[in-house]
Amino acid sequence: AQSVSQHNHHVILSEAASLELGCNYSYGGTVNLFWYVQYPGQHLQLLLKYFSGDPLVKGIKGFEAEFIKSKFSFNLRKPSVQWSDTAEYFCAVISSGNTGKLIFGQGTTLQVKP
Amino acid sequence: GAGVSQSPSNKVTEKGKDVELRCDPISGHTALYWYRQSLGQGLEFLIYFQGNSAPDKSGLPSDRFSAERTGGSVSTLTIQRTQQEDSAVYLCASRLSSGRTYNEQFFGPGTRLTVL
């Protein structure tokens, strides 16, 4: 079965530090990959997505992710975090088949200290 | 424009009671999903509706869970004889069925269910 693994469960950073959150998926076929963010008290929002083409994907708020097919990875990065980036981050892949249902990783809680 | 809305935002119920959770998708979105977010299991798919097609119920955890979508719009998730392990946040998402946003899902704020 397809699965998504996020290695970092809880990350604490100071403002201006660089961020990289790991995400690995198990599916070997064509993949559609996503990073969603959930700010405190808010609903899940899409940060960025990869369907095809350039493996370096840029999203909102200065986030980017790189799809590395050989490593089955889709890590999220930001060069300089802000206090407002404090949130929970979810990596997800669309499952095989034609429903488009998402398979999520366990999530990473990011805490940015001012 | 209006996003996905869900009601109630919070629901506290007693073990053994039935509950209904409602989702209003974004207008024009024909695909609708229910997910569950719980501490132990993370975010899990429950059920998927697409137009008039038979729903994909493969994620429903037991036969106490059911869902329907009336008129291709509003959806209701029903949990019968609730158990404490049903406590979770139930999320609804919708998406268009064509175009560049084909696979992008928009999530509602969720319903937090607490079973005492």
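Below: a short report on this structure.

Turning to the overall build of chain B, a few remarks are in order. In terms of regular secondary structure, chain B is built from 0 helices and 10 strands. Ordered by position in the sequence, the α and β elements of chain B form the string β-β-β-β-β-β-β-β-β-β. Over its C-alpha trace chain B gives a radius of gyration of 14 Å, about what one expects of a compact globule, namely 13 Å for 116 residues. When its C-alpha atoms are laid out on the principal axes, chain B stretches across 45 × 25 × 25 Å. Residues classed as buried in chain B amount to 47% of the 116 residues present. A separation threshold of at least 6 residues defines the contact pool for chain B, and within that pool the share at least 24 residues apart is 55%. One finds the centroid of the 12 positive side-chain charges in chain B at a distance of 2 Å from the centroid of its 11 negative side-chain charges.

Let us look at the interface of chain B and chain A. By convention, interface size is frequently given as the accessible area that disappears when the constituent parts associate. The interface is formed by 21 residues belonging to chain B together with 19 residues belonging to chain A. Carbon and sulfur atoms supply 53% of the area buried between chain B and chain A, which totals about 1,600 Å² over both sides. Counting the surface chain B buries against chain A, the share from its top three residues, Leu43, Asn103 and Phe107 of chain B, is 37%. Along the contact surface separating chain B from chain A lie 2 salt bridges. Ionic pairing is found between Glu104 of chain B and Lys49 of chain A, a salt bridge with its closest N-O pair at 3.0 Å. Applying the counting rule to chain B against chain A returns 8 residue pairs in polar contact (both at pLDDT 80 or more). Of all elements in the fold, only strand S4 (31-38), strand S5 (42-50) and strand S8 (88-95) of chain B reach the threshold of two or more residues within the side of chain B that touches chain A. Of the residues assigned to the side of chain B that touches chain A, the class counts are 9 nonpolar, 8 polar and 4 charged.

What follows deals with the pattern of salt bridges. All names here are of chain A. Inspection of the entire model under this criterion finds 10 salt bridges over all chains. Residues Arg77 and Glu64 are paired through a salt bridge, measuring 3.4 Å at the closest nitrogen-oxygen approach. Of this pair, Arg77 sits in strand S9 (residues 73-78) while Glu64 sits in strand S8 (residues 64-68), placing them 13 residues apart in sequence. Taken together, the shared-partner salt bridges connect Lys58, Glu64, Glu66 and Arg77 into one network.

With that out of the way, let us pick up the packing of aromatic side chains. Per the stated rule, a full pass over the model turns up 15 aromatic pairs over all chains. Considering the side-chain rings of Tyr25 of chain A and Phe72 of chain A, the 5.6 Å spacing of their centres and the 65° angle between planes classify their relative orientation as edge-to-face. Taken together, the residues span a long stretch of sequence, with Tyr25 of chain A in strand S4 (residues 24-25) and Phe72 of chain A in the loop between S8 and S9 at a distance of 47 residues. Residue classification places Phe72 of chain A among the partly exposed residues on the basis of a relative accessible area of 32%. For the ring pair Phe63 of chain A and Tyr89 of chain A, a centre distance of 5.6 Å and an interplane angle of 45° mean the geometry is tilted. In this pair, Phe63 of chain A is assigned in the loop between strand S7 (56-58) and S8 and Tyr89 of chain A in strand S10 (residues 87-94), connecting sequence segments 26 residues apart. Residues Phe63 of chain A and Tyr89 of chain A agree in their burial class; the two are buried. Here the aromatic cluster, defined as three or more aromatic residues joined through ring pairs, consists of Phe34, Tyr36, Phe51, Phe90 and Phe104 of chain A together with Tyr33, Tyr35, Phe45, Tyr48 and Phe107 of chain B.

To continue, consider the sheet that holds strand S7 (residues 75-79) of chain B. Strand-to-strand pairing in sheets goes through backbone hydrogen bonds, with the strands running parallel or antiparallel. Residues and elements named next belong to chain B. Read from one edge to the other, the open sheet built from 4 strands follows the order S1-S3-S7-S6, with strand pairing classed as antiparallel. Strands at the two margins of the open sheet, each flanked by one partner only, are strand S1 (5-7) and strand S6 (65-69). With strand direction ignored, the average angle separating the axes of adjacent strands in the sheet is 15°. In terms of strand pairing, S1 meets strand S3 (residues 19-24) through 3 bridges, oriented antiparallel. Along S3, the bridge assignment pairs Ser5 with Asp24.

The rules we used
Residues numbered from 1 in each chain as written. Chains lettered and ligands numbered in written order. Predicted model: local features only at pLDDT ≥ 70, side-chain atom pairs only at ≥ 80, totals over all residues. Heavy atoms only, no water. Helix = DSSP H or I, 4+ residues; strand = E, 2+ residues; numbered from the N terminus. Rg over C-alpha atoms; globule rule 2.2 N^0.38 Å. Buried < 20%, exposed > 50% of the residue type's maximum accessible area, 1.4 Å probe, protein only. Contact = heavy atoms within 4.5 Å. Lys, Arg positive; Asp, Glu negative; His and termini not counted. Charge placed at Lys NZ, Arg CZ, Asp CG, Glu CD. Buried area = accessible area lost by both parts, 1.4 Å probe. Salt bridge = Lys/Arg side-chain N within 4 Å of Asp/Glu carboxyl O. Polar contact = N/O pair within 3.5 Å; in protein donor to acceptor, adjacent residues only side chain to side chain. Nonpolar A, V, L, I, M, F, W, Y, C, P; charged D, E, K, R; others polar. Phe/Tyr/Trp six-rings, centres within 6.5 Å; stacked < 30°, edge-to-face > 60°. Pairing = 2+ DSSP bridges. Axes fitted to C-alpha atoms, helices over the stretch in contact; angles between N-to-C directions.

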